[in-house]
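Residues per chain, in single letters:
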Amino acid sequence: MKAVRFHEYGGVEVLKYEDAPDPQIEGNEVLLKVKACALNHVDLWLRKGTTGWKLPMPHIVGSDISGEVAAVGGLVHRVKVGDRVLLSPGISCGQCEQCFKGLDSACRSYTLFGAMVDGGYAEYVKSPEMNAIPIPGDLSFDEAAAVPLVSVTAWHMLMTRAQLRPGEDVLVIAAGSGVGSAAIQIAKLMAARVIAVAGADAKLEKARALGADEVINHRRQSIAKEVKQLTGGRGVDVVLDHVGTAVWEDCFESLATYGRFVTCGVTSGHEAKLNLQALFGRQRTVMGSFMGGKGELMEVLKFIGRRKVRAVIDSAFPLSEAAAAQKKMEDRDLFGKILLHP
Ligand SMILES: [Zn+2]
């Protein structure tokens, strides 16, 4: 099959469109003919070798995958050849205490498609049957590939970790990202008031179209000052971030008493200075979040199937142009998801 692989860590130039062996399935696995694969920031970190994971080389990344089932192993019963499926991006053992609790991403053997196993930058990918989920409603393959990782991440952050309540105020940093655009829509399901932050007016307009009530352009406005003004000095109940250092002080200052800061990434850096007095005095919470469980993905997919939460697609590239697609993501020249088509 054709695939995009890298044989060593490095810049986009290490991505090679080349022949690779067809995946061989085990009894409990399915073989998927990939129709679409969405990019995620983790693809870039994996390619650069900054995740701490020692990847098998040569390696195929790609965590968000939709396609048609081309073959099934002898122990597979639920999934049939020809089924239209999307893959739950997280792979866990399915039989430890954390997995039984639905805390897949806390499983000690947790990994992602494209991390310790090959991913979707290829014509074919293999998957445990457990990860193959029927595409809900009349979603296209493109829409189905665009939603899993970011929607389960945003759902876990807002609903499970931050315990968002109806009508609360939510500040969404990096509204143009995949997680940001999913978070805006999930927060609106809860009738929250959403304040979206981005660095370009065109992105803020799109954030409004997704349901954001207020917008802040961080290039010419102070996030914390604007939040104070928009909330009558109170601050927001929840801040959702994955930018890190560059926005940390603004985020923390924007929190109301009992406010919850939840982060799933550090694209600008991981160092932060924390004022413990403001933490305890205002009874605030700072929490981390990483991916989410299959059960949570199925919860959010109900809304995606009914188009109450929509896939946000920036652009699509042929698989052979994966390097150009990753460059576009690196340049932050996007709103929503970038797709690859084998
Ligand atoms: Zn487990």
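Every value quoted in this text rests on a predicted model; they were computed, and no experiment measured them. (Residues numbered from 1 in each chain as written. Predicted model: local features only at pLDDT ≥ 70, side-chain atom pairs only at ≥ 80, totals over all residues. Heavy atoms only, no water.)

### Let's talk about unusual backbone geometry
In plain terms, the rule: A helix here means a DSSP run of H or I that spans at least four residues, while a strand means a run of E at least two residues long, and both kinds are numbered starting from the N terminus. Relative accessibility under 20% of the residue-type maximum defines a buried residue, over 50% an exposed one, and the middle range a partly exposed one, all with a 1.4 Å probe and only protein chains included.
Omega for the bond connecting Met57 with Pro58 falls within 30 degrees of zero, at -10°, which places this linkage in the cis form. By secondary structure assignment, the location of Pro58 is in the loop between α1 (41–48) and β4 (64–72). Its identity as a non-glycine residue notwithstanding, Arg307 has a phi of 60°, on the positive side. With respect to the helices and strands, the residue Arg307 is situated in the loop between α10 (294–305) and β16 (313–318). Residue Arg307 is classed as partly exposed on the basis of its relative accessible area, which comes to 26%. Within the chain, Arg332 stands out as a residue other than glycine whose phi angle is a positive 55°. Along the chain, Arg332 turns up in the loop between α11 (322–330) and β17 (337–341). Here Arg332 falls in the partly exposed class, since its relative accessible area comes to 43%.

### With respect to the coordination of the zinc ion
For clarity, the cut-off: Donor selection uses N, O and S atoms within 2.8 Å of the metal (3.2 Å for Na, K and Ca). Since no water is included, sites may look incomplete. In these descriptions, tetrahedral denotes four donors with every angle between 85 and 135 degrees, square planar four donors and octahedral six donors with opposite donors over 155 degrees apart and the rest between 65 and 115, and irregular any other case.
The zinc ion binds to the protein through Cys93 (SG), Cys96 (SG), Cys99 (SG) and Cys107 (SG), with metal-donor distances spanning 2.3 to 2.4 Å. Each of the four donor atoms bound to the zinc ion contributes to angles spanning 104 to 116°, and the resulting shape is tetrahedral. If you list the donors of the zinc ion from N- to C-terminus, the spacing comes out as C-x2-C-x2-C-x7-C. The class for Cys93 is partly exposed, based on a relative accessible area of 30%.

### Considerations on the packing of helix α4 (residues 148–161) against α10
Angle between the axes and distance between the axes are the two parameters that describe a pair of packed helices. Quick reminder of the rule: Interaxial angle, 0 to 180 degrees, is taken between N-to-C directions of lines fitted to C-alpha atoms, where a helix line uses only the stretch in contact. To sort the angles, those under 35 degrees are grouped as roughly parallel, those over 145 as roughly antiparallel, those from 65 to 115 as roughly perpendicular, and the leftovers as oblique. Residue contacts are defined here by distance: any two heavy atoms, one from each residue, within 4.5 Å place the two residues in contact. Any residue that is not Ala, Val, Leu, Ile, Met, Phe, Trp, Tyr, Cys, Pro, Asp, Glu, Lys or Arg is counted as polar, Gly included; the first ten are nonpolar and the last four charged.
Look at α4 against α10: their axes get within 9 Å of each other, and the N-to-C directions meet at 105°. One finds that α4 runs roughly perpendicular with respect to α10. Between α4 and α10, the contacting residues are Pro148, Ser151, Val152, Trp155, His156 and Thr160 on the first element and Glu296, Leu297, Glu299, Val300, Phe303 and Ile304 on the second. Here the contact of α4 with α10 is composed, by residue class, of seven nonpolar, three polar and two charged.

### Details of the packing of aromatic side chains
Two descriptors summarise a pair of aromatic rings, namely the distance from one centre to the other and the angle between the planes of the rings. Short version of the rule: Pairing of aromatic rings covers Phe, Tyr and Trp, the last through its six-membered ring, and needs centres within 6.5 Å; plane angles under 30 degrees mean stacked, over 60 mean edge-to-face, and all others mean tilted.
Evaluated as defined, the whole model comprises four aromatic pairs. Ring geometry for Tyr110 against Phe290: centres 5.7 Å apart, planes inclined by 80°, an arrangement best described as edge-to-face. Here Phe290 lies in the loop between β15 (285–288) and α10 and Tyr110 lies in the loop between α2 (97–100) and β7 (111–112), a separation of 180 residues in the sequence. On the numbers, 5.3 Å between centres and 25° between planes, the contact of Trp248 with Phe252 is stacked.

### Comments concerning the nonpolar core
To keep things clear, this is the line we draw: Here the nonpolar core consists of buried residues drawn from Ala, Val, Leu, Ile, Met, Phe, Trp, Tyr and Cys, with membership extended through side-chain atoms lying within 4.5 Å.
Counting residues in hydrophobic clusters, the biggest one holds 87 residues, and the most contacted among them are Ile65, Tyr121, Leu158, Val170, Ile184, Leu240 and Leu340. The dominant element in this core, judged by the number of residues it contributes, is α4, at seven residues. With near-sequence residues (within four places) excluded, Ile65 lies in contact with Leu32, Val34, Ala36, Cys37, Val85, Leu86, Leu87, Phe113, Gly119, Gly120, Val125 and Ala145. Listed in part, the 18 residues of the second largest apolar core include Val197, Val247, Cys251 and Phe252.

### Considering the sheet that holds strand β14 (residues 255–263)
Put simply, the rule reads: For two strands to count as paired, DSSP must find a minimum of two bridges between them.
The parallel open sheet is built from six strands, whose spatial order is β12-β11-β10-β13-β14-β15. Taken across any chain shown, the strands that pair with only one partner, and hence form the sheet edges, are β12 (214–217) and β15. The mean inter-strand angle of the sheet, taken between neighbouring strand axes irrespective of direction, is 15°. Alignment of strand β10 (residues 169–172) against strand β11 (residues 193–198), held across four bridges, turns out to be parallel. When the bridges of β11 are listed, Asp169 appears paired with Arg193. Where helix α7 (residues 223–230) meets the sheet, its contacts fall on β10, β11, β12 and β13 (236–241), and the angle it forms with β12 comes to roughly 160°.

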